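A closer look at the structure
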Amino acid sequence: MLALSHYNSSASPLFPRFSNDSGGKVEAMVAVEGLSQQGNLTLVQPTTSGVIVVILSMTLGIISNIVALFILANAYSLQRRRTKATFLLFATSLVVTDFFGHVIPGALVLRLYLYGGVHPNSSDRMCQFLGGSMVFFGLCPLFMGSAMAAERCLGVTKPLLHSSLVTKTRTKICLSVIWLAALCVAMLPCFQLGSYTYQDPGTWCFIQVLSDTQEVDVAFVVLFSGLGLTSLAVALVCNTISGLTLVLARFRRRLGSHHSAKSHDIEMVVQLVGIMVTSCICWSPLLIFGLMSVIRSYTGSIGEDLSSYKTLMVMGVRLATWNQILDPWVYILLRRTVLRKIYLIAKCQAGLRGNILGRWEPTSFHSSEKKQVNQV
(Lines give C-alpha, C1' and ligand atoms only; values in the text may rest on other atoms or scores of the structure.)
Protein backbone atom coordinates (compact mmCIF):
# COMPACT_ATOMS: atom_id res chain seq x y z
CA MET A 1 0.00 0.00 0.00
CA LEU A 2 2.99 2.28 0.17
CA ALA A 3 2.68 2.48 -3.60
CA LEU A 4 0.41 5.46 -3.17
CA SER A 5 3.24 7.92 -2.78
CA HIS A 6 5.37 7.64 -5.91
CA TYR A 7 3.90 9.20 -9.00
CA ASN A 8 4.69 11.81 -11.58
CA SER A 9 1.83 14.25 -11.88
CA SER A 10 2.39 14.86 -15.58
CA ALA A 11 0.53 11.83 -16.89
CA SER A 12 -2.14 9.23 -16.13
CA PRO A 13 -2.05 6.08 -13.97
CA LEU A 14 -5.54 5.05 -14.67
CA PHE A 15 -4.84 4.43 -18.34
CA PRO A 16 -2.68 1.36 -18.98
CA ARG A 17 -0.16 1.16 -21.77
CA PHE A 18 -2.33 0.67 -24.86
CA SER A 19 -1.16 -0.41 -28.27
CA ASN A 20 -1.96 1.50 -31.46
CA ASP A 21 -4.24 -1.16 -32.93
CA SER A 22 -8.03 -1.20 -32.85
CA GLY A 23 -8.04 -3.48 -29.81
CA GLY A 24 -6.09 -0.89 -27.87
CA LYS A 25 -8.61 1.79 -28.81
CA VAL A 26 -11.46 -0.39 -27.61
CA GLU A 27 -9.65 -0.96 -24.30
CA ALA A 28 -9.09 2.77 -23.95
CA MET A 29 -12.78 3.44 -24.46
CA VAL A 30 -13.63 0.83 -21.84
CA ALA A 31 -11.18 2.45 -19.42
CA VAL A 32 -12.69 5.89 -20.02
CA GLU A 33 -16.18 4.56 -19.39
CA GLY A 34 -15.01 2.88 -16.20
CA LEU A 35 -13.41 6.09 -15.00
CA SER A 36 -16.56 8.07 -15.67
CA GLN A 37 -18.42 5.68 -13.42
CA GLN A 38 -15.79 5.88 -10.70
CA GLY A 39 -15.72 9.70 -10.64
CA ASN A 40 -12.94 12.19 -11.19
CA LEU A 41 -9.51 10.93 -10.17
CA THR A 42 -6.11 12.54 -10.44
CA LEU A 43 -4.29 11.11 -13.47
CA VAL A 44 -0.63 10.35 -12.86
CA GLN A 45 2.07 8.05 -14.21
CA PRO A 46 4.13 5.67 -12.04
CA THR A 47 7.91 5.97 -12.15
CA THR A 48 10.58 3.25 -12.09
CA SER A 49 12.12 4.62 -8.90
CA GLY A 50 8.68 4.53 -7.30
CA VAL A 51 8.30 0.83 -8.08
CA ILE A 52 11.71 0.14 -6.51
CA VAL A 53 10.78 2.06 -3.35
CA VAL A 54 7.49 0.15 -3.10
CA ILE A 55 9.22 -3.22 -3.44
CA LEU A 56 11.81 -2.24 -0.83
CA SER A 57 9.07 -1.10 1.56
CA MET A 58 7.16 -4.36 1.15
CA THR A 59 10.37 -6.32 1.66
CA LEU A 60 11.13 -4.39 4.86
CA GLY A 61 7.63 -5.08 6.19
CA ILE A 62 7.81 -8.79 5.37
CA ILE A 63 11.26 -9.23 6.94
CA SER A 64 10.26 -7.26 10.06
CA ASN A 65 7.15 -9.38 10.61
CA ILE A 66 9.00 -12.65 10.02
CA VAL A 67 11.77 -11.72 12.50
CA ALA A 68 9.23 -10.65 15.13
CA LEU A 69 7.19 -13.82 14.54
CA PHE A 70 10.29 -15.99 15.01
CA ILE A 71 11.15 -14.19 18.28
CA LEU A 72 7.61 -14.49 19.64
CA ALA A 73 7.19 -18.13 18.60
CA ASN A 74 10.49 -19.03 20.26
CA ALA A 75 9.54 -17.16 23.44
CA TYR A 76 6.09 -18.80 23.46
CA SER A 77 7.57 -22.30 23.19
CA LEU A 78 9.95 -21.63 26.11
CA GLN A 79 7.44 -19.85 28.33
CA ARG A 80 6.08 -21.67 31.35
CA ARG A 81 4.29 -18.75 33.01
CA ARG A 82 0.63 -18.74 31.97
CA THR A 83 0.13 -14.98 32.07
CA LYS A 84 3.14 -14.42 29.84
CA ALA A 85 2.05 -17.25 27.51
CA THR A 86 -1.36 -15.62 27.06
CA PHE A 87 0.24 -12.31 26.18
CA LEU A 88 2.60 -14.00 23.70
CA LEU A 89 -0.36 -15.77 22.07
CA PHE A 90 -2.06 -12.41 21.56
CA ALA A 91 1.17 -10.85 20.30
CA THR A 92 1.90 -13.70 17.87
CA SER A 93 -1.62 -13.47 16.46
CA LEU A 94 -1.18 -9.72 16.03
CA VAL A 95 2.09 -10.15 14.14
CA VAL A 96 0.56 -12.83 11.88
CA THR A 97 -2.36 -10.52 11.15
CA ASP A 98 0.02 -7.64 10.43
CA PHE A 99 2.01 -9.88 8.08
CA PHE A 100 -1.00 -10.84 5.97
CA GLY A 101 -2.34 -7.30 6.24
CA HIS A 102 0.91 -6.07 4.73
CA VAL A 103 1.25 -8.71 2.02
CA ILE A 104 -2.30 -9.13 0.66
CA PRO A 105 -3.38 -5.47 0.19
CA GLY A 106 0.19 -4.50 -0.68
CA ALA A 107 0.36 -7.07 -3.47
CA LEU A 108 -2.96 -5.88 -4.92
CA VAL A 109 -1.92 -2.23 -4.77
CA LEU A 110 1.44 -3.07 -6.36
CA ARG A 111 -0.40 -4.91 -9.15
CA LEU A 112 -2.53 -1.84 -9.82
CA TYR A 113 0.57 0.31 -9.61
CA LEU A 114 2.43 -1.75 -12.22
CA TYR A 115 -0.63 -1.71 -14.49
CA GLY A 116 -0.72 2.07 -14.22
CA GLY A 117 -3.83 2.34 -12.07
CA VAL A 118 -7.36 1.04 -12.69
CA HIS A 119 -7.06 -1.62 -15.38
CA PRO A 120 -9.91 -2.05 -17.90
CA ASN A 121 -9.89 -5.81 -17.35
CA SER A 122 -10.03 -5.53 -13.56
CA SER A 123 -13.47 -6.37 -12.26
CA ASP A 124 -15.24 -4.57 -9.47
CA ARG A 125 -14.66 -7.64 -7.32
CA MET A 126 -11.00 -6.74 -7.05
CA CYS A 127 -11.88 -3.32 -5.65
CA GLN A 128 -14.36 -4.91 -3.23
CA PHE A 129 -11.74 -7.38 -2.05
CA LEU A 130 -9.05 -4.71 -1.67
CA GLY A 131 -11.36 -2.36 0.22
CA GLY A 132 -12.57 -5.17 2.46
CA SER A 133 -8.99 -6.24 3.14
CA MET A 134 -8.04 -2.73 4.21
CA VAL A 135 -10.99 -2.53 6.60
CA PHE A 136 -10.43 -6.04 7.98
CA PHE A 137 -6.67 -5.73 8.46
CA GLY A 138 -7.18 -2.24 9.83
CA LEU A 139 -9.67 -3.19 12.54
CA CYS A 140 -7.98 -6.45 13.63
CA PRO A 141 -4.79 -4.85 15.03
CA LEU A 142 -6.82 -2.14 16.78
CA PHE A 143 -9.16 -4.72 18.35
CA MET A 144 -6.23 -6.91 19.39
CA GLY A 145 -4.35 -3.98 20.88
CA SER A 146 -7.31 -3.06 23.07
CA ALA A 147 -7.90 -6.71 24.06
CA MET A 148 -4.23 -7.12 25.02
CA ALA A 149 -4.32 -3.90 27.03
CA ALA A 150 -7.49 -5.02 28.86
CA GLU A 151 -5.98 -8.45 29.59
CA ARG A 152 -2.81 -6.91 31.04
CA CYS A 153 -4.80 -4.38 33.05
CA LEU A 154 -6.73 -7.23 34.64
CA GLY A 155 -3.51 -9.19 35.22
CA VAL A 156 -1.75 -6.27 36.90
CA THR A 157 -4.63 -4.95 39.01
CA LYS A 158 -6.47 -8.24 39.80
CA PRO A 159 -3.97 -11.10 39.41
CA LEU A 160 -6.12 -13.68 41.22
CA LEU A 161 -9.18 -12.90 39.12
CA HIS A 162 -7.01 -12.94 35.99
CA SER A 163 -5.62 -16.38 36.79
CA SER A 164 -9.14 -17.79 37.18
CA LEU A 165 -10.67 -16.12 34.12
CA VAL A 166 -7.96 -15.96 31.47
CA THR A 167 -6.95 -19.27 29.89
CA LYS A 168 -5.44 -20.27 26.56
CA THR A 169 -8.78 -21.62 25.36
CA ARG A 170 -10.61 -18.41 26.19
CA THR A 171 -7.80 -16.40 24.60
CA LYS A 172 -8.21 -18.35 21.36
CA ILE A 173 -11.97 -17.81 21.52
CA CYS A 174 -11.38 -14.08 22.02
CA LEU A 175 -9.07 -13.98 18.99
CA SER A 176 -11.65 -15.81 16.89
CA VAL A 177 -14.33 -13.32 17.94
CA ILE A 178 -12.04 -10.41 17.01
CA TRP A 179 -11.33 -11.82 13.55
CA LEU A 180 -15.01 -12.61 13.02
CA ALA A 181 -16.15 -9.14 14.13
CA ALA A 182 -13.65 -7.42 11.82
CA LEU A 183 -14.72 -9.71 8.95
CA CYS A 184 -18.39 -8.88 9.52
CA VAL A 185 -17.67 -5.15 9.37
CA ALA A 186 -15.56 -5.56 6.23
CA MET A 187 -18.32 -7.53 4.47
CA LEU A 188 -21.11 -5.02 5.12
CA PRO A 189 -20.92 -3.65 1.54
CA CYS A 190 -21.80 -7.15 0.29
CA PHE A 191 -25.22 -6.56 1.87
CA GLN A 192 -25.53 -3.04 0.37
CA LEU A 193 -24.61 -1.46 3.71
CA GLY A 194 -21.93 0.85 2.39
CA SER A 195 -19.66 0.60 -0.65
CA TYR A 196 -16.01 0.43 -1.67
CA THR A 197 -14.65 2.50 -4.54
CA TYR A 198 -11.33 3.37 -6.16
CA GLN A 199 -9.65 6.27 -4.41
CA ASP A 200 -7.37 8.95 -5.81
CA PRO A 201 -4.96 8.32 -7.53
CA GLY A 202 -6.69 5.10 -8.62
CA THR A 203 -4.37 2.52 -7.02
CA TRP A 204 -6.34 1.66 -3.88
CA CYS A 205 -9.90 1.03 -2.78
CA PHE A 206 -11.62 2.16 0.37
CA ILE A 207 -15.00 3.19 1.72
CA GLN A 208 -16.77 5.75 -0.45
CA VAL A 209 -16.23 9.03 1.38
CA LEU A 210 -15.69 11.81 -1.17
CA SER A 211 -18.37 11.53 -3.89
CA ASP A 212 -21.94 10.27 -4.24
CA THR A 213 -22.08 9.43 -0.54
CA GLN A 214 -25.34 8.06 0.79
CA GLU A 215 -26.68 7.52 4.29
CA VAL A 216 -25.31 3.97 4.35
CA ASP A 217 -21.84 5.25 3.44
CA VAL A 218 -21.93 7.73 6.31
CA ALA A 219 -23.09 5.00 8.69
CA PHE A 220 -20.35 2.66 7.45
CA VAL A 221 -17.60 5.24 7.94
CA VAL A 222 -18.97 6.19 11.37
CA LEU A 223 -18.98 2.51 12.35
CA PHE A 224 -15.46 1.89 11.06
CA SER A 225 -13.93 5.04 12.54
CA GLY A 226 -15.95 4.73 15.75
CA LEU A 227 -14.77 1.18 16.38
CA GLY A 228 -11.16 2.14 15.62
CA LEU A 229 -11.12 5.23 17.84
CA THR A 230 -12.93 3.37 20.63
CA SER A 231 -10.30 0.62 20.52
CA LEU A 232 -7.53 3.20 20.80
CA ALA A 233 -9.32 4.87 23.73
CA VAL A 234 -9.76 1.53 25.56
CA ALA A 235 -6.08 0.73 25.05
CA LEU A 236 -5.10 4.16 26.35
CA VAL A 237 -7.18 3.84 29.51
CA CYS A 238 -6.10 0.26 30.28
CA ASN A 239 -2.42 0.93 29.65
CA THR A 240 -2.57 4.04 31.82
CA ILE A 241 -4.09 2.07 34.69
CA SER A 242 -1.52 -0.72 34.27
CA GLY A 243 1.36 1.73 34.16
CA LEU A 244 0.24 3.61 37.26
CA THR A 245 -0.27 0.34 39.12
CA LEU A 246 3.26 -0.80 38.31
CA VAL A 247 4.72 2.55 39.32
CA LEU A 248 2.91 2.39 42.67
CA ALA A 249 4.13 -1.18 43.18
CA ARG A 250 7.70 -0.04 42.52
CA PHE A 251 7.26 2.82 45.00
CA ARG A 252 5.90 0.47 47.68
CA ARG A 253 8.89 -1.79 47.22
CA ARG A 254 11.20 1.08 48.08
CA LEU A 255 9.17 1.69 51.23
CA GLY A 256 9.69 -1.92 52.32
CA SER A 257 6.41 -3.45 51.20
CA HIS A 258 6.32 -7.07 50.03
CA HIS A 259 4.34 -6.15 46.90
CA SER A 260 6.54 -5.29 43.96
CA ALA A 261 6.30 -4.98 40.19
CA LYS A 262 7.48 -8.07 38.34
CA SER A 263 9.90 -7.65 35.46
CA HIS A 264 7.74 -9.55 32.98
CA ASP A 265 4.75 -7.33 33.82
CA ILE A 266 6.83 -4.23 33.16
CA GLU A 267 8.08 -5.68 29.88
CA MET A 268 4.55 -6.46 28.65
CA VAL A 269 3.18 -3.06 29.63
CA VAL A 270 6.09 -1.30 27.91
CA GLN A 271 5.40 -3.28 24.74
CA LEU A 272 1.69 -2.49 24.94
CA VAL A 273 2.45 1.21 25.29
CA GLY A 274 4.65 0.93 22.20
CA ILE A 275 1.83 -0.76 20.28
CA MET A 276 -0.66 1.86 21.42
CA VAL A 277 1.56 4.80 20.45
CA THR A 278 2.26 3.23 17.04
CA SER A 279 -1.43 2.58 16.39
CA CYS A 280 -2.44 6.08 17.46
CA ILE A 281 0.13 7.72 15.20
CA CYS A 282 -0.58 5.46 12.22
CA TRP A 283 -4.37 5.04 12.34
CA SER A 284 -5.81 8.16 13.97
CA PRO A 285 -5.29 10.39 10.87
CA LEU A 286 -7.14 8.00 8.52
CA LEU A 287 -9.97 7.42 11.00
CA ILE A 288 -10.43 11.16 11.59
CA PHE A 289 -9.94 12.22 7.96
CA GLY A 290 -12.48 9.59 6.86
CA LEU A 291 -15.10 10.98 9.24
CA MET A 292 -14.42 14.55 8.18
CA SER A 293 -14.52 13.69 4.48
CA VAL A 294 -17.75 11.68 4.49
CA ILE A 295 -19.62 14.23 6.62
CA ARG A 296 -18.62 17.17 4.42
CA SER A 297 -19.29 15.19 1.25
CA TYR A 298 -22.74 14.09 2.42
CA THR A 299 -23.74 17.58 3.51
CA GLY A 300 -22.45 19.04 0.23
CA SER A 301 -20.12 21.49 1.97
CA ILE A 302 -16.86 20.06 0.67
CA GLY A 303 -16.86 22.30 -2.44
CA GLU A 304 -13.43 23.54 -3.45
CA ASP A 305 -11.80 21.58 -0.61
CA LEU A 306 -12.28 18.29 -2.47
CA SER A 307 -8.67 18.12 -3.65
CA SER A 308 -7.44 18.88 -0.12
CA TYR A 309 -9.52 16.06 1.32
CA LYS A 310 -8.23 13.68 -1.34
CA THR A 311 -4.71 14.58 -0.26
CA LEU A 312 -5.61 14.05 3.40
CA MET A 313 -7.04 10.60 2.67
CA VAL A 314 -3.91 9.57 0.77
CA MET A 315 -1.72 10.84 3.63
CA GLY A 316 -3.90 8.95 6.11
CA VAL A 317 -3.63 5.63 4.30
CA ARG A 318 0.14 6.05 3.88
CA LEU A 319 0.51 6.43 7.63
CA ALA A 320 -1.81 3.47 8.25
CA THR A 321 0.34 1.19 6.09
CA TRP A 322 3.32 1.88 8.36
CA ASN A 323 1.50 0.24 11.25
CA GLN A 324 2.28 -3.25 9.91
CA ILE A 325 5.95 -2.30 9.53
CA LEU A 326 6.44 -0.63 12.91
CA ASP A 327 4.45 -3.07 15.08
CA PRO A 328 6.98 -5.92 14.76
CA TRP A 329 9.81 -3.63 15.88
CA VAL A 330 7.99 -3.10 19.17
CA TYR A 331 8.61 -6.77 20.02
CA ILE A 332 12.09 -6.79 18.48
CA LEU A 333 13.38 -3.76 20.40
CA LEU A 334 11.28 -3.62 23.59
CA ARG A 335 12.31 -6.98 25.02
CA ARG A 336 13.88 -7.41 28.43
CA THR A 337 17.21 -8.53 26.99
CA VAL A 338 17.42 -5.52 24.69
CA LEU A 339 16.21 -3.07 27.33
CA ARG A 340 18.68 -4.51 29.86
CA LYS A 341 21.57 -4.05 27.42
CA ILE A 342 20.48 -0.48 26.70
CA TYR A 343 20.26 0.17 30.44
CA LEU A 344 23.72 -1.27 31.07
CA ILE A 345 25.23 0.74 28.21
CA ALA A 346 23.61 3.94 29.51
CA LYS A 347 24.79 3.12 33.05
CA CYS A 348 28.35 2.53 31.85
CA GLN A 349 28.31 5.79 29.91
CA ALA A 350 27.02 7.63 32.98
CA GLY A 351 29.70 6.01 35.13
CA LEU A 352 32.39 6.91 32.62
CA ARG A 353 31.28 10.53 32.64
CA GLY A 354 31.28 10.47 36.42
CA ASN A 355 34.87 9.21 36.48
CA ILE A 356 35.96 11.90 34.04
CA LEU A 357 34.31 14.60 36.12
CA GLY A 358 35.82 13.12 39.27
CA ARG A 359 39.30 13.81 37.94
CA TRP A 360 38.52 17.53 37.97
CA GLU A 361 37.12 17.69 41.50
CA PRO A 362 38.62 20.29 43.94
CA THR A 363 40.36 17.52 45.90
CA SER A 364 42.35 16.59 42.84
CA PHE A 365 43.61 20.19 42.57
CA HIS A 366 44.77 20.12 46.19
CA SER A 367 46.66 16.89 45.70
CA SER A 368 48.40 18.18 42.59
CA GLU A 369 49.43 21.39 44.38
CA LYS A 370 50.91 19.36 47.27
CA LYS A 371 52.97 17.31 44.84
CA GLN A 372 54.38 20.48 43.30
CA VAL A 373 55.30 21.92 46.72
CA ASN A 374 57.04 18.71 47.75
CA GLN A 375 59.07 18.70 44.54
CA VAL A 376 60.23 22.28 45.23
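This text follows the structure it describes.
Starting from 1, residues in each chain are numbered consecutively following that chain's sequence as written. pLDDT decides what is reported in this predicted model: residues at 70 or higher carry local features, side-chain atom pairs at 80 or more are listed and counted, and totals for whole chains, interfaces and linings draw on all residues regardless. Excluded from the side-chain calculation are hydrogens and water; included are all heavy atoms of the structure.

Topic: the nonpolar core
Val 135, Met 148, Phe 206 and Ile 207 are the most contacted members of the largest nonpolar core, which has 63 residues in total. Excluding anything up to four places from it in sequence, Ile 207 contacts Val 135, Ser 195, Tyr 196, Gln 199, Phe 220, Val 221 and Phe 224. Counting five residues, the second-largest nonpolar core is a separate cluster that includes Ala 149, Cys 153, Cys 238 and Met 276. In this text, buried Ala, Val, Leu, Ile, Met, Phe, Trp, Tyr and Cys residues form a nonpolar core when linked through side-chain atoms within 4.5 Å. Residue exposure (1.4 Å probe, protein chains only): buried if accessible area is under 20% of the type maximum, exposed if over 50%, otherwise partly exposed. A contact between two residues is defined here by any heavy atoms of the two lying within 4.5 Å.

Notes on a nonpolar patch on the surface
There is a patch of nonpolar side chains on the surface, built from Leu 180, Leu 183, Met 187, Phe 191, Leu 193 and Val 216 and spanning about 550 Å² of accessible area. Only DSSP runs of H or I reaching four residues or more are called helices, and only runs of E reaching two or more are called strands; each is numbered from the N terminus. With respect to the element layout, Leu 183 can be found in helix α6 (residues 168-186). For Leu 183, a relative accessible area of 38% puts it in the partly exposed group. Residues qualify for a patch when their relative accessible area is over 30% and they have no salt bridge, like charges being joined within 9 Å and the nonpolar side chains of Val, Leu, Ile, Met, Phe, Trp and Tyr within 5 Å. For the accessible areas, the method is Shrake-Rupley and the probe is 1.4 Å, while residue cover comes only from the protein chains on display. Salt bridge criterion: a side-chain nitrogen from Lys or Arg within 4 Å of a carboxyl oxygen from Asp or Glu.

A closer look at the pairing of strand β3 (residues 196-199)
Only when DSSP finds a minimum of two bridges between them are two strands counted as paired. Pairing geometry for β3 and strand β4 (residues 204-207), over four bridges, is antiparallel. Within β4, the residue paired with Tyr 196 across the bridge is Ile 207. In this antiparallel pair of consecutive strands, β3 and β4, the connection spans four residues, and Gly 202 shows a positive phi of 90°.

A closer look at the packing of aromatic side chains
Ring geometry is summarised as follows: Phe, Tyr and Trp rings, the Trp one being its six-membered ring, pair when their centres sit within 6.5 Å, and such pairs are stacked at plane angles under 30 degrees, edge-to-face over 60 and tilted between the two. A full pass over the atoms with the stated rule returns four aromatic pairs. Between Phe 136 and Phe 137, the ring centres sit 5.0 Å apart and the planes meet at 80°, which makes this aromatic pair edge-to-face. In this structure Phe 136 comes out as buried when scored by relative accessible area, which is 16%. Note on Phe 137: relative accessible area 10%, which makes it buried. Their ring planes at 75° and their centres at 5.7 Å tell us that Phe 206 and Phe 224 sit as a pair that is edge-to-face. Residue Phe 206 is found in strand β4, and its partner Phe 224 is found in helix α7 (residues 215-254); the two are separated by 18 residues along the sequence. A relative accessible area of 3% places Phe 206 in the buried class.

A closer look at the state of the cysteines
Any two cysteine sulfur atoms within 2.5 Å of one another count as a disulfide. With the rule as written, the count across this model stands at one disulfide. There is a disulfide in this structure between Cys 127 and Cys 205, and the S-S distance comes to 2.3 Å. Its S-S torsion of approximately -125° makes the covalent link between Cys 127 and Cys 205 left-handed. Taken together, the residues Cys 127 in helix α4 (residues 124-157) and Cys 205 in strand β4 connect sequence positions 78 residues apart. Of the residues examined, Cys 205 reaches a relative accessible area of 0% and is grouped as buried.

Considerations on the pattern of salt bridges
Enumeration according to the criterion identifies one salt bridge in this entry. Ionic pairing is found between Glu 151 and Arg 152, a salt bridge with its closest N-O pair at 3.1 Å. Residue classification places Glu 151 among the buried residues on the basis of a relative accessible area of 6%.

Structural notes on the environment of Phe 143
Mapped onto the elements, Phe 143 comes out in helix α4. Residue Phe 143 is classed as buried on the basis of its relative accessible area of 14%. Counting along the chain gives 32 residues from Phe 143 to Leu 175, while the straight-line C-alpha distance between them is 9.3 Å. In contact with Phe 143, not counting residues within four places along its chain, are Ile 178, Ala 181, Ala 182, Leu 227 and Ser 231.

Details of the environment of Leu 154
Its place among the elements puts Leu 154 in helix α4. Among residues more than four places away in sequence, those in contact with Leu 154 are Pro 159, Leu 161, His 162, Leu 165 and Val 166.

Considering the side chain of Thr 171
Within the fold, Thr 171 resides in helix α6. Look at Thr 171 and you get buried, because its relative accessible area is 3%. At 2.7 Å, the side chain of Thr 171 forms a polar contact with the backbone oxygen of Thr 167. Here a polar contact is recorded for every N or O atom pair within 3.5 Å, except that within protein the pair must consist of a potential hydrogen donor and a potential acceptor, and residues adjacent in sequence are included only if both atoms are side-chain atoms.

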